[in-house]
Amino acid sequence: SSDVCSSDLSTDTLNPYSCVTESNRLLSSLLYEPLITVSPDFTPEPALCTDWDIENEGKTFLLTLRDGALFSDGSPMTVWDVIYSLNRARESTSVYATRLSDISEVSMGERGFTVRVTLSTANPAFPLRLDIPIVQEGSAYRDLPIGSGPYVVHEDGSGVWLGANESSPFFRDLPFERIELQEIPAEALGAALASGELDFLVAD
């Protein structure tokens, strides 16, 4: 099965740290997994980070990462990928920079598959800010960094599309195997909605 999604790839990227349009930010969430997700009732829930310990009265957090996570190219995710991604997000001009501005240091934890995040000011609710997309070390400045999300970008004679990422643990539960990406001019959006070519529209 497949679906169709409108995108803005001619003027924006799917890089989660540099894309500026809301549509591309939403699309990038299919390509990159976050450390933590936030539930509708604003509770932090595990994603790539499966557990976290709060230390030093809310000034230090020890994040335990999901063992066996793979990027879309089949390579294993490491602690260094997470440290790299958090530091890239901190220095970016993205929506993630402000929420991470209290971080003073990101380092490898002393035990196991862990990352230590130290804040300049204590904040026990800090895990709510960690819905940060993780990319492969060294790829963050590309238009399309390597991620571990449920989909991966493909391009062929038919255009650009998202295909199911077979390295993802959610591969067999995805609602669509293929998502077609199309750019539709603003003046044609009304007709696309009326014809059913678009199912819904997000106004940025």
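Residues numbered from 1 in each chain as written. Predicted model: local features only at pLDDT ≥ 70, side-chain atom pairs only at ≥ 80, totals over all residues. Heavy atoms only, no water.

## Observations concerning the overall build of the chain
At step 1: Within the chain, the secondary structure is distributed over four helices and 10 strands.
At step 2: Here the chain has a C-alpha radius of gyration of 18 Å; the compact-globule value for 204 residues is 17 Å, and the two agree.
At step 3: C-alpha atoms of the chain, sized along the principal axes, occupy 55 × 30 × 30 Å.
At step 4: Considering only residue pairs separated by 6 or more positions, the chain has 57% of its internal contacts joining residues 24 or more positions apart.
At step 5: For the chain, the accessible surface area stands at approximately 10,400 Å², while carbon and sulfur atoms represent 53% of it.
At step 6: Charged side chains in the chain number 12 positive and 32 negative. The centres of these two groups are separated by 8 Å. (Helix = DSSP H or I, 4+ residues; strand = E, 2+ residues; numbered from the N terminus. Rg over C-alpha atoms; globule rule 2.2 N^0.38 Å. Contact = heavy atoms within 4.5 Å. Areas by Shrake-Rupley, 256 points an atom, 1.4 Å probe, with all protein chains shown as cover. Lys, Arg positive; Asp, Glu negative; His and termini not counted. Charge placed at Lys NZ, Arg CZ, Asp CG, Glu CD.)

## Topic: the environment of Asn 123
At step 1: Along the chain, Asn 123 falls in the loop between β7 (114-119) and β8 (151-156).
At step 2: Given a relative accessible area of 16%, Asn 123 falls into the buried group.
At step 3: Considering only alpha carbons, one finds Asn 123 and Gly 58, 65 residues apart in sequence, at a separation of 5.1 Å. (Buried < 20%, exposed > 50% of the residue type's maximum accessible area, 1.4 Å probe, protein only.)

## Considering helix α2 (residues 79-91)
At step 1: A rise of 1.5 Å per residue sets the reference length of α2, with its 13 residues, at 18 Å; its end C-alpha atoms lie 19 Å apart and thus fit the reference within 8%.
At step 2: Buried residues belonging to α2 abut β5 (60-65), α3 (96-99), β6 (103-108) and β7.
At step 3: N-capping of α2 is provided by Thr 78, with a side-chain oxygen placed 3.2 Å from the backbone N of Trp 80. (Expected span 1.5 Å × (residues − 1). Polar contact = N/O pair within 3.5 Å; in protein donor to acceptor, adjacent residues only side chain to side chain.)

## Describing the environment of Tyr 151
At step 1: Here Tyr 151 is to be found in strand β8.
At step 2: For Tyr 151, a relative accessible area of 4% translates into the label buried.
At step 3: Tyr 151 sits 104 residues away from Ala 47 along the chain, and the two C-alpha atoms are 16 Å apart.
At step 4: If we skip the residues at most four places from it in the chain, Tyr 151 touches Leu 30, Leu 31, Leu 162, Gly 163, Ala 164, Asn 165, Leu 174, Pro 175, Phe 176, Glu 177 and Ile 179.
At step 5: In this structure the side chain of Tyr 151 is engaged in a polar contact, spanning 2.6 Å, whose partner is the backbone oxygen of Phe 176.

## With respect to the pairing of strand β4 (residues 49-55)
At step 1: Where β4 lies against β5, six bridges are found, and the strand directions are antiparallel. In the sheet register, Glu 55 faces β5, and the bridge partner there is Thr 60.
At step 2: Linking two consecutive strands that pair antiparallel, namely β4 and β5, is a turn of four residues; a positive phi of about 55° is found at Asn 56 within it. (Pairing = 2+ DSSP bridges.)

## Let's talk about the layout of surface pockets
With a probe scaled to a water molecule rolled over the atoms, the places where space remains empty come into view.
At step 1: Taken as a whole, the second largest pocket holds about 270 Å³ of empty space.
At step 2: Lining of the second largest pocket is provided by 15 residues; of these, Arg 25, Ser 29, Tyr 96, Asp 131 and Pro 133 occupy positions nearest its centre.
At step 3: Only α1 (22-28), β2 (36-38) and α3 provide two or more residues apiece to the lining of the second largest pocket.
At step 4: Considering every element that reaches the lining of the second largest pocket, the biggest residue donor is α1, with four residues.
At step 5: Looking at the lining of the second largest pocket, its residues break down into eight nonpolar, three polar and four charged. (1 Å grid on protein atoms, 1.4 Å probe; cavity = no way out; pocket = protein on both sides within 12 Å on 5 of 7 lines; lining within 4 Å. Points joined across faces, edges and corners; volume = space filled by probe spheres on them. Nonpolar A, V, L, I, M, F, W, Y, C, P; charged D, E, K, R; others polar.)

## Some thoughts on unusual backbone geometry
At step 1: The backbone of Phe 42 shows a phi angle near 60°, a positive value even though the residue is not glycine.
At step 2: Topologically, Phe 42 is positioned in the loop between β2 and β3 (44-46).
At step 3: The exposure class assigned to Phe 42 is exposed, which follows from its relative accessible area of 65%.

## Focus on the nonpolar core
At step 1: Core analysis: the biggest nonpolar cluster contains 43 residues, and Leu 35, Leu 86 and Val 117 have the highest contact counts within it.
At step 2: Listed by contribution, the elements that provide at least two residues to this core are β4, β5, α2, β6, β7, β9 (159-164) and β10 (178-182).
At step 3: In terms of residue count, the dominant contributor to this core is α2 (six residues).
At step 4: In this structure, Leu 86 is in contact with Leu 35, Leu 100, Val 106, Val 117, Leu 130 and Ile 132, ignoring residues within four places of it in sequence. (Core = buried A, V, L, I, M, F, W, Y, C linked by side-chain atoms within 4.5 Å.)

All quantities given are derived from atomic positions and should not be read as evidence of function.
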